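Chain residues, written in single-letter form:
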Amino acid sequence: MSITASQNQSLSAGGRPATGGRERTVRVWDPLVRIFHWSLVLGIALAWLSSEGWDRTHEITGYIIAGLIGFRLLWGIVGGKYARFAQFVRGPRVTIAYLKDILSGRAKRHLGHNPAGAAMIVALLFSVATTCMTGWMMSWDAFWGAQWLEELHEGAATFILLLVGLHVAGVVHASLSHRENLVRAMFTGRKRL
Amino acid sequence: MKRIITAFALAATAAAFTAPAMAEEAIECTKAPVEKWMSKDAAAKMFTGKGYQIRSVKKEDSCLELYAIKDGKKMEIFINPVDGKVIETKVKN
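Note that the structure is predicted; figures quoted are calculated from it, not measured.

As a further point, take the overall build of chain A. If you tally the helices and strands in chain A, you get seven helices and three strands. The helix and strand sequence of chain A, counted from the amino end, reads β-β-α-α-α-α-α-α-α-β. Among the 193 residues that make up chain A, the fraction classed as buried is 17%. Intrachain contacts of chain A at a sequence separation of at least 6 include 58% that bridge at least 24 residues.

What follows is about the nonpolar core. The biggest cluster of nonpolar side chains holds twelve residues, and these are Cys-29, Ala-43, Ile-54, Val-57, Cys-63, Leu-64, Leu-66, Tyr-67, Ala-68, Ile-77, Phe-78 and Ile-79 of chain B. Those elements that place two or more of their residues in this core are β1 (52-60), β2 (63-70) and β3 (73-79) of chain B. The element that contributes the greatest number of residues to this core is β2 of chain B, accounting for five residues. Other than its neighbours up to four places away in sequence, Tyr-67 of chain B contacts Trp-144 and Gly-145 of chain A together with Arg-55, Ser-56 and Glu-76 of chain B. Counting residues in each nonpolar core, the second largest holds seven residues, with Ile-65, Ile-69, Leu-124 and Cys-132 of chain A among its members.

Turning to the pairing of β3 of chain B, a few remarks are in order. If a strand is regular, its side chains alternate between the two faces of the sheet. All names here are of chain B. Relative to β3, β2 runs antiparallel, the two being bridged by seven bridges. Directly across from Ile-69, in β3, lies its bridge partner Lys-74. With five bridges connecting them, β3 and strand β4 (residues 86-91) associate as antiparallel partners. Residue pairing across strands places Ile-79 opposite Val-86, the latter belonging to β4.

Residue and element names in this part refer to chain B. A sheet is described by the order of its strands in space; here four strands give the open sequence β1-β2-β3-β4, paired in antiparallel fashion. Here the strands that pair on one side only, and so sit at the sheet edges, are β1 and β4. In this sheet, neighbouring strand axes are inclined to one another by 20° on average, regardless of whether the strands run parallel or antiparallel.

Time to look at the pairing of β4 of chain B. Little of β4 of chain B is tucked away: zero of the six residues are buried. Hairpin connection of β3 of chain B to β4 of chain B: six residues between the antiparallel strands, including Gly-84 of chain B at a positive phi of 80°.

All right, on to the environment of Leu-111 of chain A then. All names here are of chain A. Mapped onto the elements, Leu-111 comes out in the loop between α4 (92-103) and α5 (115-137). Measuring from C-alpha to C-alpha, the distance between Leu-111 and Arg-84 comes to 14 Å, with 27 residues separating the pair along the chain. Discounting residues that sit within four places of it in the chain, Leu-111 has contacts with Val-28 and Lys-191.

Let us now look at the confidence of the model for chain B. Do not read the predicted coordinates in detail wherever pLDDT is low. Here chain B averages 86 in pLDDT, while 82% of its residues score no lower than 70. Under the prediction, the complex receives an ipTM of 0.74, its pTM being 0.80.

A separate point is the environment of Ser-177 of chain A. All names here are of chain A. Locating Ser-177 in the fold gives a position in helix α6 (residues 147-177). A count of 13 C-beta atoms within 10 Å places Ser-177 in the partly exposed class. Along the primary structure Ser-177 and Gly-105 are separated by 72 residues, whereas in three dimensions their C-alpha atoms are 7.9 Å apart. Dropping the residues within four chain positions of it, Ser-177 is found in contact with Gly-105 and Ala-107.

Residues and elements named next belong to chain A. Packing of α5 against α6 brings their axes to within 9 Å, and their N-to-C directions diverge by 155°. Taken together, the axes of α5 and α6 are roughly antiparallel relative to one another. In this structure, α5 crosses over α6, and the sense of that crossing is left-handed. Of the residues in α6, those in contact with Ala-116, Gly-117, Met-120, Ala-123, Leu-124, Ser-127, Val-128, Thr-130, Thr-131, Thr-134, Gly-135 and Met-137 of α5 are Leu-149, Leu-152, His-153, Ala-156, Ala-157, Phe-159, Ile-160, Leu-163, Leu-166, His-167 and Gly-170.

Moving on, we come to unusual backbone geometry. Peptide bonds are mostly trans, and most non-glycine residues show a negative phi. Residues and elements named next belong to chain B. Positive phi outside glycine occurs at Asp-61, with the angle close to 55°. With respect to the element layout, Asp-61 can be found in the loop between β1 and β2. With phi around 50°, Asp-71 is a residue other than glycine that occupies positive phi space. Judged by the 7 C-beta atoms lying within 10 Å of it, Asp-71 falls in the exposed class.

Residues and elements named next belong to chain B. Looking at where Ala-44 falls in the secondary structure, it is placed in helix α2 (residues 40-45). Residues Ala-44 and Ala-26 lie 18 residues apart in sequence; the distance between their C-alpha atoms is 22 Å. Residues contacting Ala-44, with those up to four places away along its chain left out, are Ile-54, Val-57 and Leu-66.

Given a rise of 1.5 Å per residue, twelve residues ought to cover 16 Å, and the 16 Å separating the end C-alpha atoms of α4 of chain A matches this to within 8%. Following α4 of chain A by one or two positions, Gly-105 of chain A has its phi on the positive side, about 75°.

Reading the values: rules and limits
- Residues numbered from 1 in each chain as written.
- Chains lettered and ligands numbered in written order.
- Predicted model: local features only at pLDDT ≥ 70, side-chain atom pairs only at ≥ 80, totals over all residues.
- Helix = DSSP H or I, 4+ residues; strand = E, 2+ residues; numbered from the N terminus.
- Buried ≥ 20, exposed ≤ 12 C-beta atoms within 10 Å, placed from the backbone.
- Contact = placed C-beta atoms within 7 Å.
- Core = buried A, V, L, I, M, F, W, Y, C linked by C-beta atoms within 7 Å.
- Pairing = 2+ DSSP bridges.
- Axes fitted to C-alpha atoms, helices over the stretch in contact; angles between N-to-C directions.
- pLDDT = per-residue confidence, 0-100.
- Parallel < 35°, antiparallel > 145°, perpendicular 65-115°, else oblique.
- Left-handed = near helix turned anticlockwise from the far one by under 90°.
- Expected span 1.5 Å × (residues − 1).

Following this line, the structure appears as structure tokens:
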């Protein structure tokens, strides 16, 4: 783990970094995690935009997204520290306790994914994978015209949208309560210690 | 960084407004009210026995859309739900 200390390390009287001074940060999100994240954002946006009548674009986008998900599942096993599922995925008890902490405003800051964020990642991976799988199956001879499959595909896709809304709300909430810009962190990969 | 985030926010907003515009214009098959339409079964029967395997029929705007397979090719056939005339056929490749 690399630590950059910038030129301006002066601390204010309160012991917090002086305003305007740069904070000590560490790299948390590796480049592949960040590229994956923003590619998935673009992919899902494009999949939604192309869903009514832009079949070819929609299908190609779907295959690319499926590839992204496949990569992330692999990276969650062999990737760097903060990319690994074992580092952040928690059981239901810890997750529910953390969600309660969020509601009561005393959720602890995590350098990597917090338990709620981790649950969101699992939910998103699962629903995006389901959407990809059902979308692909719709092109099989065996399922041509199967309305239940189309409904499942659309239901899963709508569920992604719901999760995205919650995800963004969670990121905004965590950013505000821990006074850090998590969106920026997903671009730069760096978070303060 | 602010600029990148602003660009993303703008792109997301633009996308939200573009989505309805990108939706394909609905094909018009009839102006007749739904009460005048033939049943889905009747629509399917027009094609079966002519080499078409009809998988399902659904209402799509002012059309009946048939999911069919003929000679191993998957296709969507949009018909006028009153007189059964084929308005458009989309063959899946």
